[in-house]
Amino acid sequence: MKRPLLLLAAVLGCGILASAAFGAETHYLVLGGTESSGSREFAQELVRLWKLPGAVKDKESQLDWSFAAAPKSRLEQLSEQRGDLAIVDAESAQRWLGEFPKVQVLTVLWTNWLQVISANPELLVLPADPRLTLRMHPNTFPLAVVWGAQTHSGVQSIRWESLSPQTDETTWVQEGAWMVLAPAPAQEIHQLLQENPLHRLLALSPQLRQGLLEAAPWMQMGMLPATTYPGQFQDIVLPMQRPVLVARHDLQANMVSEVLELLFRQPQNWQPHPLFRELKKTHNLAFQHRYTFHPAARQVLGF
C-alpha cells in the first residue's frame, strides 16, 4: 500500500516542479481610448515594445491592449479587475481618481501643450468674434471660459460646437486660428506654419495663464523651447498637462517595475516614438503629493 502512495507523491511532485519550471503565462491588459487618441496610440506602442525580444525579463507575462471610450470607464474597469493598466488624461485623473481607491498611479506620461496658432497676435486679447464658430473638444473649454471672462465678452458670446465628445481628443479650431492640446512639435502644426508664414505660435498673457490655472487646476505651466516651430525665435511659457498611467492597486510589484523600466528606457533609444521620447522619472516629483502612487512605483521613482 505504501508503494502506490509513494509513486503518487512522486508523480505529483514532478508535476509541481514542471509547473514551477515552465509556468503558465499571465496575461495583462492595458486600456486606451478611442481610435486616433493619444491614449490608444500609447497603449498600442507599449504592447509592441513589450513583445520585442529581450524587452522584459519576465517571459511568462503577456501584455495586450483594449479600449474604453470614456476615461472614467477605464478607471471603473480597473477597479472591477477587468483590466490591469490604463492611460487617462490629466483632467480625468484630477476629477475621478479619488473615487477609485483600488486604482493607483504608476507615472505621468508625455506632455500635451496648449498651443494657439494664429496670424493675429491679439487673438486672445480681444473679445471672440461672434461671427466665427469655434470647434473644440470639451477638455479645452476652460480656456474659452477664461478668455470670455477676461475680455468681458462672456463665454456665451463664443459660438462653438463640440468636436467628437465621446473621445479624449483635444483640439479646438477657429477659422484663421488653431488651438490645440497636443505634444510639441506636432506634425500638423509644423506643416500649418510652413504653409502659412504669417501664422505664429502665440504666447498667453500672464493674466490668461493665471486664470487658466485657476479654472483648470490639472494644468501646469512649462517652457516650450525656441525653434520648436518655424518662426518661433524665443522660449514661450505655455499651459501644459501630462496624461497618467494608472494600474490596479494589487498589480504585482515585479510587473510594475517591468513596465516602468521599459518606459524610462525609451528616450535613450534611437528614434523613440514621439509619445515616449520625453518620459522621465523626475516629471513625477511635482505629483507625488497630488496622486496616490502604487508602492512599487514609488520605489522605482525614488520617493
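Residues numbered from 1 in each chain as written. Predicted model: local features only at pLDDT ≥ 70, side-chain atom pairs only at ≥ 80, totals over all residues. Heavy atoms only, no water.

Draft legend 1. Molecular detail of the overall build of the chain. Scanning the chain from N- to C-terminus turns up 9 helices and 13 strands. Evaluated residue by residue, the chain yields a buried proportion of 47% over its 303 residues. Counting contacts in the chain only where the partners sit at least 6 residues apart, residues at least 24 apart contribute 74% of the total. Looking at the chain as shown, the accessible area adds up to about 15500 Å², and 56% of this sits on carbon and sulfur atoms. (Helix = DSSP H or I, 4+ residues; strand = E, 2+ residues; numbered from the N terminus. Buried < 20%, exposed > 50% of the residue type's maximum accessible area, 1.4 Å probe, protein only. Contact = heavy atoms within 4.5 Å. Areas by Shrake-Rupley, 256 points an atom, 1.4 Å probe, with all protein chains shown as cover.)

Draft legend 2. How the structure looks around the pattern of salt bridges. One pass over the full model with this rule turns up 7 salt bridges. Notably, a salt bridge pairs R48 with E45, separated by 2.8 Å at the nearest N-O pair. With R48 and E45 both in helix α2 (residues 38–50), this residue pair falls 3 residues apart, about one helical turn. The buried category is assigned to E45, whose relative accessible area is 12%. A salt bridge links R82 to E80; its shortest N-O distance comes to 2.6 Å. Taking relative accessible area as the criterion, R82 reaches 45% and is therefore assigned partly exposed. Under the relative-accessibility criterion, E80 is labelled partly exposed at 48%. One salt-bridge network, in which partners are shared between bridges, spans D84, R248 and D250. (Salt bridge = Lys/Arg side-chain N within 4 Å of Asp/Glu carboxyl O.)

Draft legend 3. Local environment of the side chain of R40. The topology assignment puts R40 in helix α2. If we ignore the near neighbours within four places in the chain, the residues touching R40 are G32, G33, T34, E35, W65 and F67.

Draft legend 4. Up close: the packing of α2 against helix α8 (residues 253–265). Here α2 crosses α8 at 100°, and the two axes come no closer than 11 Å. Comparing the axis directions of α2 and α8 gives the class roughly perpendicular. Contact with α2, carried on its side by F42, L46, L49 and W50, involves M255, E258, V259, L262 and L263 of α8 and no other residues of that element. In terms of residue class, the contact of α2 with α8 is built from 8 nonpolar, no polar and 1 charged. (Axes fitted to C-alpha atoms, helices over the stretch in contact; angles between N-to-C directions. Parallel < 35°, antiparallel > 145°, perpendicular 65-115°, else oblique. Nonpolar A, V, L, I, M, F, W, Y, C, P; charged D, E, K, R; others polar.)

Draft legend 5. Spatial organisation of the pairing of strand β3 (residues 85–88). Residues L85 and I87 of β3 are buried on one face, and the alternating residues A86 and V88, pointing to the opposite face, are buried as well. Of the pairings in the sheet, the one linking strand β1 (residues 26–32) to β3 comprises 2 bridges and is parallel in character. From the neighbouring strand, L31 faces β3, where its bridge partner is A86. Sheet topology places β3 next to strand β13 (residues 244–248); 4 bridges connect them, and they run antiparallel. The partner of A86 across the bridge, within β13, is V246. (Pairing = 2+ DSSP bridges.)

Draft legend 6. Highlighting the pairing of strand β11 (residues 220–224). Side chains of β11 alternate between two faces, with Q220, G222 and L224 buried and M221 and M223 left unburied. Bridge count between β11 and strand β12 (residues 236–241): 5 bridges; the pairing is antiparallel. Note on β12: the bridge partner recorded for Q220 is M240.

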